[in-house]
Amino acid sequence: MGKRILIVDDAMFMRKLMSDILQKAGYEIVAEAGNGEEAFNKYKEFKPDLVTMDITMPDVNGIEGVKMITAKFPDAKVLMCSAMGQEGMVIDSVKAGARGFIVKPFVAEKVIAEVQKLIG
Ligand SMILES: [Mg+2]
């Protein structure tokens, strides 16, 4: 059975892009969320094997989202999705419990490689 993934991004087209890349590689997308708080709620509900987490989102950003998830679920595997110039925020995310990061714009092979490192 495919590993289950939660995709978090405030931009629907980014979620679609990520979803397509991951589904083509055999992963199952169990849920999507548009900010950090929604991500936490979906995590609780679906207990996915992995979360891809955008950093810049309205209301509750990705760094806060990682903190919320890992505070309650220390084994959660969260991969940050960062844009150029967000290196500082990537470091903050890792301190908050993220296991790695993917750089935008997404390159399918690199996305898959990072996901495989964490969940096979
Ligand atoms: Mg965003």
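Residues numbered from 1 in each chain as written. Predicted model: local features only at pLDDT ≥ 70, side-chain atom pairs only at ≥ 80, totals over all residues. Heavy atoms only, no water.

(A) Layout of the coordination of the magnesium ion. Protein coordination at the magnesium ion comes from Asp10 (OD), Asp54 (OD) and Thr56 (O), with a distance range of 2.1 to 2.2 Å. Read N to C, the donor residues that coordinate the magnesium ion are spaced as D-x43-D-x1-T. Judged by relative accessible area, which is 4%, Asp54 ranks as buried. (Donors = N, O, S within 2.8 Å, 3.2 Å for Na, K, Ca; no water. Buried < 20%, exposed > 50% of the residue type's maximum accessible area, 1.4 Å probe, protein only.)

(B) The packing of aromatic side chains, seen in detail. Scanning all chains against the criterion turns up 1 aromatic pair. Both rings, one in Tyr43 and one in Phe73, keep their centres 4.9 Å apart while their planes meet at 45°; by these two values the pair is tilted. Of this pair, Tyr43 sits in helix H2 (residues 36–46) while Phe73 sits in the loop between helix H3 (62–72) and strand E4 (78–82), and the two are 30 residues apart along the sequence. Across the pair, exposure class does not vary: Tyr43 and Phe73 are buried alike. (Phe/Tyr/Trp six-rings, centres within 6.5 Å; stacked < 30°, edge-to-face > 60°. Helix = DSSP H or I, 4+ residues; strand = E, 2+ residues; numbered from the N terminus.)

(C) Inspection of the pairing of strand E1 (residues 4–8) at higher detail. Among the 5 residues in E1, 5 count as buried, and that is most of the element. Two strands pair when backbone bridges link them, and E1 and strand E2 (residues 28–33) are joined in this way by 5 bridges, in the parallel orientation. The partner of Val8 across the bridge, within E2, is Ala33. (Pairing = 2+ DSSP bridges.)

(D) Spatial organisation of unusual backbone geometry. Cis geometry is adopted by the peptide bond preceding Pro105, which originates at Lys104 and carries an omega value of -5°. Mapped onto the fold, Pro105 is located in the loop between strand E5 (100–103) and helix H5 (108–119). For Asp59, which is not a glycine, the phi torsion comes out positive at approximately 70°. Note on placement: Asp59 falls in the loop between strand E3 (50–54) and H3.

(E) The arrangement of the packing of helix H1 (residues 12–24) against H5 in detail. Close contact between H1 and H5 brings their axes to 10 Å; oriented N to C, the two are set at 70°. Considering the angle they form, H1 stands roughly perpendicular to H5. Note on packing geometry: the crossing formed by H1 with H5 is right-handed. Residues Met18, Ile21 and Leu22 of H1 pack against Ala108, Val111, Ile112 and Val115 of H5. For the contact of H1 with H5, the per-class residue count stands at 7 nonpolar, no polar and no charged. (Axes fitted to C-alpha atoms, helices over the stretch in contact; angles between N-to-C directions. Parallel < 35°, antiparallel > 145°, perpendicular 65-115°, else oblique. Left-handed = near helix turned anticlockwise from the far one by under 90°. Contact = heavy atoms within 4.5 Å. Nonpolar A, V, L, I, M, F, W, Y, C, P; charged D, E, K, R; others polar.)

(F) Fine view of the pattern of salt bridges. Tallied over the full model, the rule gives 6 salt bridges. A salt bridge links Lys67 to Glu64; the nearest nitrogen and oxygen atoms lie 3.5 Å apart. Placement of the pair is Lys67 and Glu64 together in helix H3, with a separation of 3 residues, close to one helical turn. You can call Lys67 partly exposed: its relative accessible area is 41%. Taking relative accessible area as the criterion, Glu64 reaches 37% and is therefore assigned partly exposed. Each member of the salt-bridge network shares a partner with another, and the members are Asp9, Asp54 and Lys104. (Salt bridge = Lys/Arg side-chain N within 4 Å of Asp/Glu carboxyl O.)

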